[in-house]
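Structure assessment
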Amino acid sequence: MSTTADALLEPLDPEQREVALALRGPVCVLAGAGTGKTRAITHRIAYGVRTGTYPPASVLAVTFTARAAGEMRTRLRDLGVVGVQARTFHAAALRQLSYFWPRVVGGAPPRILEHKAQAVAEAGQRLGLRLDRLAVRDLASEVEWSKASLVPADDYVAAADATDRPLPAGLDRTAVAKLISAYEEVKDARAVIDFEDVLTLLGHMIESRQDVAEQVRGQYRHFVVDEYQDVSPAQQYLLDQWLGSRHELCVVGDPNQTIYSFAGATPHHLLTFTERHPGAAVVRLVRDYRSTPQVVDLANRVLGRRARQVSGLELIAQRPPGPAVTIEDYRDDEEEAAGVVARIGRLVASGVPAREIAVLYRTNGQSEVFEQALADVGIGYLVRGGERFFARREVRDALVLLRGAARSMSDVPLGEAVRDVLAGAGWSPEPPAARGAVRERWDSLQALVGLADELEANGPTRRLADAPDGPGAEGAQRATLVDLVAELDDRAAAQHAPAVDGVTLASLHAAKGLEWDAVFLTGLSDGLVPISLAESRAAVAEERRLLYVGITRAREHLHLSWARSRTGGRSSRERTPFLAGVLGDGHASSEPEQADPELVEALRTWRDRIALESERAPHNVLPDATLTRVALARPGTRAELARVPGVGPVTIDGFGDAILAVVAGQRPWG
């Protein structure tokens, strides 16, 4: 074993080192938020390559986002490892499918249908359905769920019933099943396939063709799967075909961050990994290096004792104490936006960069009021989930200019050269006063300037990584425009955008995998968190995990807020029940002790039985938020029950005595 390989283990904590040393056989890494999972698995790969345990070309690491794949490649490159394939599931599958298609099917592979909406709309027309834009969007999501879950149209009704899927676009399940069939007919008529087809078609090729299986399995002999809690049945099917009968697999995930079940993701494969792979090594990463103890404590409390016990992942903060988590309620949405932006202004004035601040919310429609409030005070922002960075016209035009200038400006310092080139594309040293598209264009160009400055300060990553003596061999090499263009080409292929210097606005789902120094969790009212569409117990539990994900994005500053009403409306909102009883010492607000989980569960059991008998949705009997408030209040009389928010005269007349009996400890169904 070389000293270089030994040095790879030095920066790792004991659990991360255990991951890095587990080079063979099935390995399951349960990694909590902020515990350094990417560091652990990239060092594991690098250590395996350096010790000669496996050649780099035999390793396939799959992730769920292009950004995560790009980050993994960058880290491996910094560790002196090249040749390892780090891609998203779909990118890896598409590459292999394109390679084997001429041999297995013949001719060029079919075109990929990047967006389902148009095909779904045409399928609806074939069935005589009148679908507006929102209905098409919802049905496209349902088609994606059925395909990711390996549920064909013939089985859709039974599968949707079994999983209590909400009815999309007001259609019954039989109509949705017919639309799924019509969608497949539209694709066939257009001679296109969608992204889910890429996974299943490749899986079928490997399963049915021995020559294809031997070639794929001969190439890739060691697999790493990141974010394994989000794997879908279609992705698991392909992974099984890649593996064959082998068990050379390392999976990394956190069941407490499962937030994409609506798209077919399921933690089942992570939670049953040791059953599918007997003798697997299991390592838990719980040391949180990202967040302060104040943030970590709130995250653990919101998640709840039961979820922590099931996963075995209770985060332990490693950072020194920071500022208290704050919570504030506002009169309406506009007042909330103004209050949040005022706090952001104070943070920026104190030295926190705008790019290290994020405003997170439950639905994309909540961003507009924050966009306006930030623009009003001249603070730049970036809305995540919009047009991809490298697809923006100004970025594509800038790349053309930079590529042309690279031939003639090799002697000009990189930062100066980029500023000169981009000045001709509309960049200026100071941001424009205008908001909207003008400011977004400047922010895009400024991100390219920032990347150039980073390369100039740190040296050309490509040359350092490819140096024969490993990282550091060409530390004095000066970065040029050629290096910047090469870096941008790599990033464009991986959709790994450079950071834009502005406040990030993002939904909680879009924030997954990211982190900032300061996070503002906004709109934390019942009906938004949890979303009103979350009717089943499983859906509400996922909403709780979504809030947990949002909390754990913050490194140091965390501010929670909610508005008592819509702008111009009456005060009818209540704060999210997920914060009931969890804001204890060290926070800006405190509440009574946490609700007894056994009593909450007993109330849910009673409520669900009533809902079943009366053929009503459970939340129409009593929402989970109200059950939690009842458990906190522990009323002993009807008068005390009437004082619980959310319990009205109709509830008291119909169920008051039953609720009081459950609170008193009676369990007639047990």
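No experiment lies behind these values; they were computed from the predicted model shown. Residue indices begin from 1 for each chain and proceed along its sequence in written order. Local features in this predicted model are restricted to residues whose pLDDT is 70 or higher, and side-chain atom pairs enter the listing and the counts only when it is 80 or higher, whereas totals over whole chains, interfaces and linings include all residues. Side-chain numbers here rest on the full set of heavy atoms in the structure, without hydrogens or water.

**Section: the environment of L445**
Counting from the N terminus, the helices are DSSP H or I runs at least four residues long and the strands are E runs at least two residues long. Residue position: L445 is located in helix α21 (residues 437–458). Relative accessibility decides the category of a residue: with a 1.4 Å probe and only protein chains considered, values under 20% of the type maximum give buried, values over 50% give exposed, and everything between is partly exposed. For L445, a relative accessible area of 0% puts it in the buried group. Along the chain, L445 and S428 lie 17 residues apart, while their C-alpha atoms are 9.1 Å from each other. Any two residues whose heavy atoms approach within 4.5 Å at even a single point are treated as in contact. L445 has contacts with E394, A398, L422, A425, G426 and W427, leaving out every residue within four places of it along the chain.

**Some thoughts on the pairing of strand β3 (residues 85–88)**
Here a strand pair is declared whenever DSSP counts at least two bridges between the two strands. As paired strands, strand β2 (residues 59–63) and β3 are joined by four bridges and run parallel to one another. If you follow V62 over to β3, its bridge partner there is R87. With the strands pointing away from the viewer, any crossover whose connection runs clockwise from the first strand over the helix to the second is right-handed. Taking the sense of rotation as the criterion, the β-α-β connection linking β2, helix α4 (residues 66–78) and β3 turns out right-handed.

**A few points about the UniProt feature "domain: UvrD-like helicase ATP-binding" (unreviewed entry) in the chain**
The sites that UniProt annotates as "domain: UvrD-like helicase ATP-binding" (unreviewed entry) are residues 10–292. Here residues 10–292 runs as 52% helix and 12% strand, with 24 Å between its end C-alpha atoms. UniProt positions are given in the numbering used here, feature names are shortened, and annotations may be inferred rather than shown by experiment.

**Some points on the packing of helix α8 (residues 153–162) against helix α9 (residues 173–190)**
When two helices pack together, their arrangement is given by the angle between the helix axes and the distance between those axes. Simply put, an axis is a line fit to the C-alpha atoms, just over the touching stretch for a helix, and the angle between two N-to-C directions goes from 0 to 180 degrees. Between α8 and α9, the shortest axis-to-axis distance is 8 Å and the interhelical angle comes to 145 degrees. At the point where α8 passes α9, the crossing takes the right-handed sense. Judged by residue contacts, A153, Y156, V157, A160 and D161 of α8 engage R173, T174, V176, A177, I180 and S181 from α9. Under this grouping Gly is polar, as are all residues other than the nonpolar Ala, Val, Leu, Ile, Met, Phe, Trp, Tyr, Cys and Pro and the charged Asp, Glu, Lys and Arg. Residue composition of the contact of α8 with α9, grouped by class: seven nonpolar, two polar and two charged. Left-handed is the label given to a crossing in which the near helix is rotated counterclockwise from the far helix by less than a right angle, and right-handed is the label when the rotation is clockwise.

**Considerations on the pairing of strand β15 (residues 516–521)**
Most of β15 sits inside the fold, with five of its six residues counted as buried. Where strand β12 (residues 357–361) and β15 come together, four bridges link them in parallel fashion. Paired with V359 across the two strands is F520, which belongs to β15. Sheet topology places β15 next to strand β16 (residues 554–563); five bridges connect them, and they run parallel. From the neighbouring strand, W516 faces β16, where its bridge partner is A554. Once you follow β15 into helix α24 (residues 537–551) and on to β16, the crossover reads as right-handed.

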